[in-house]
Amino acid sequence: MMLRTSASRVLDDSDRDEALALLDSDPVANVFVASRVRTVGLNQARLGGQMWGFGPRGGLVSLCYAGANLVPVNAGPEAVHAFADRARKQGRRCSSIVGPADAVSLLWERLEPHWGRARAIRWAQPVMAISQKSPVPPDPLVRRVRPEEFDIVLPACVAMFTEEVGVSPNLGDGGALYRTRVSELIRIGRSYARIEDGRVVFKAEIGAVTPFACQVQGVWVDPELRGQGFAVAGMAAVVEAALSCFAPVVSLYVNDFNTPARAVYRKVGFHEVDTFMSVLF
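Being a predicted model, the structure only gives us computed values, none of them experimental.

Concerning the overall build of the protein chain
Right, so step 1: Along its length, the protein chain carries 9 helices and 12 strands.
Right, so step 2: Dimensions of the protein chain, computed from the C-alpha atoms along their principal axes, are close to 60 × 35 × 35 Å.
Right, so step 3: Of the contacts made within the protein chain by residues no fewer than 6 positions apart, 69% connect residues no fewer than 24 positions apart.

Below, the structure is given as structure tokens:
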């Protein structure tokens, strides 16, 4: 029997255990949302948005994180329709829709007539994972970024974001939220880089962590130094650090058209496990 769209509801901390059980059923695909829930719970103020559930209490089928990003979780067609209905009524508050390609594609099909054109659509983003040290020797000069190196690393982070997303993170609030996020990742030891004479050669961050998986983001090599092997050795070092410090599986997702990056990750030892899609506003 088809569940009605009214089966979607806003979750709270009383739903935390059930939500985490659903999230942990696919720890790689759901690492971002699961990391948020484990860190702050489902209270809207702490979560920075709402968590929508599809299915009754005790029978939760799907989730959708509705914050800075709209992220469907384990969402089949009925759940997607319910989440799209709620998102349409609420109006767009997110800067992107991201998640498993089938769910995001259907969600965007429902929302586009109401939200208007997207700035960019990344139709296929392979999700890649690795659960053992890379066969490639790690770069011994890649290490955790120290708090006093924030001003050195920040321009590289801004350059990476602008190149990847197509807009500067300094737009809107002048970059305040982005600087806070970069600073926080450095503070908690999840920012890694090779820095030579005050210059960032390579950098990457561990953006999300659960006991089962972690997700690498922000991989970047100085454009003048690309093609010299810094990305492969640097990622091998990040994988080794992540496996020893954070989680048994290291994941990331990459645009399908970014052939050089995909080649780097395959050489490091990553393999494709899923496909994401992103709609950017």
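Quick word on the UniProt feature "domain: N-acetyltransferase" (unreviewed entry) in the protein chain
Right, so step 1: Here the UniProt-annotated "domain: N-acetyltransferase" (unreviewed entry) positions come out as residues 140–281.
Right, so step 2: Secondary structure content for residues 140–281 is 38% helix and 29% strand, and the end C-alpha separation is 39 Å.

Looking at the pairing of strand E11 (residues 250–253)
Right, so step 1: Direction of pairing for strand E6 (residues 120–130) relative to E11: antiparallel, over a ladder of 4 bridges. When the sheet's bridge partners are listed, Met128 is paired in E11 with Leu252.
Right, so step 2: Of the pairings in the sheet, the one linking strand E10 (residues 214–221) to E11 comprises 2 bridges and is parallel in character. When the bridges of E11 are listed, Cys214 appears paired with Val250.
Right, so step 3: For the crossover that starts at E10, traverses helix H8 (residues 230–245) and ends in the parallel E11, the hand is right-handed.

Points about the sheet that holds strand E3 (residues 62–66)
Right, so step 1: Taken in spatial order, the 12 strands make up an open sheet running E1-E2-E3-E4-E5-E12-E6-E11-E10-E9-E8-E7, and their pairing is mixed. Two strands in the sheet have a free side with no partner beyond their single neighbour: strand E1 (8–10) and strand E7 (143–144).
Right, so step 2: Along the sheet face, helix H4 (residues 77–90) touches E1, strand E2 (50–54), E3 and strand E4 (69–73) and points at about 140 degrees away from the line of E2.
Right, so step 3: Of the strands in this sheet, strand E8 (191–196), strand E9 (199–209) and E10 are in contact with helix H7 (residues 176–187), which crosses E9 at around 85 degrees.

Quick look at the packing of aromatic side chains
Right, so step 1: Applying the stated criterion across every chain yields a total of 8 aromatic pairs.
Right, so step 2: Ring centres 5.8 Å apart and planes at 75 degrees place the aromatic pair Phe32 and Tyr65 in the edge-to-face group. Linking Phe32 in helix H2 (residues 31–40) with Tyr65 in strand E3, this pair joins segments that are 33 residues apart in sequence.
Right, so step 3: Here Tyr265 and Phe270 contribute two aromatic rings whose centre-to-centre distance is 5.9 Å and whose plane-to-plane angle is 65 degrees, an arrangement assigned as edge-to-face.
Right, so step 4: For Tyr265, a relative accessible area of 9% puts it in the buried group.
Right, so step 5: An aromatic cluster of three or more residues is present, and its members are Trp52, Phe54 and Phe83.
Right, so step 6: We note Arg86 situated over the ring of Trp52; from NZ or CZ to the ring centre the distance is 6.0 Å.

What to know about helix H1 (residues 16–23)
Right, so step 1: Ala19, Leu20, Leu22 and Leu23 are the residues of H1 that are buried. Down the axis of H1, the smallest arc covering the buried residues is 160 degrees, so these residues share one side. Residues of H1 that are exposed and point over 90 degrees away from its buried face: Asp17 and Ala21.

Some points on the side chain of Ser8
Right, so step 1: Turning to its location among the elements, Ser8 is positioned in strand E1.
Right, so step 2: A relative accessible area of 7% means that Ser8 is categorised as buried.
Right, so step 3: Excluding residues that lie within four positions of it along the chain, Ser8 makes contacts with Gly53, Phe54, Ala82, Phe83 and Arg86.

Cut-offs applied
Residues numbered from 1 in each chain as written. Predicted model: local features only at pLDDT ≥ 70, side-chain atom pairs only at ≥ 80, totals over all residues. Heavy atoms only, no water. Helix = DSSP H or I, 4+ residues; strand = E, 2+ residues; numbered from the N terminus. Contact = heavy atoms within 4.5 Å. UniProt positions renumbered as here; feature names shortened; annotations may be inferred. Pairing = 2+ DSSP bridges. Right-handed = clockwise from strand over helix to strand, strands pointing away. Axes fitted to C-alpha atoms, helices over the stretch in contact; angles between N-to-C directions. Phe/Tyr/Trp six-rings, centres within 6.5 Å; stacked < 30°, edge-to-face > 60°. Buried < 20%, exposed > 50% of the residue type's maximum accessible area, 1.4 Å probe, protein only. Lys NZ or Arg CZ within 6 Å of the ring centre and 35° of its normal. Arc of directions from axis to C-beta.

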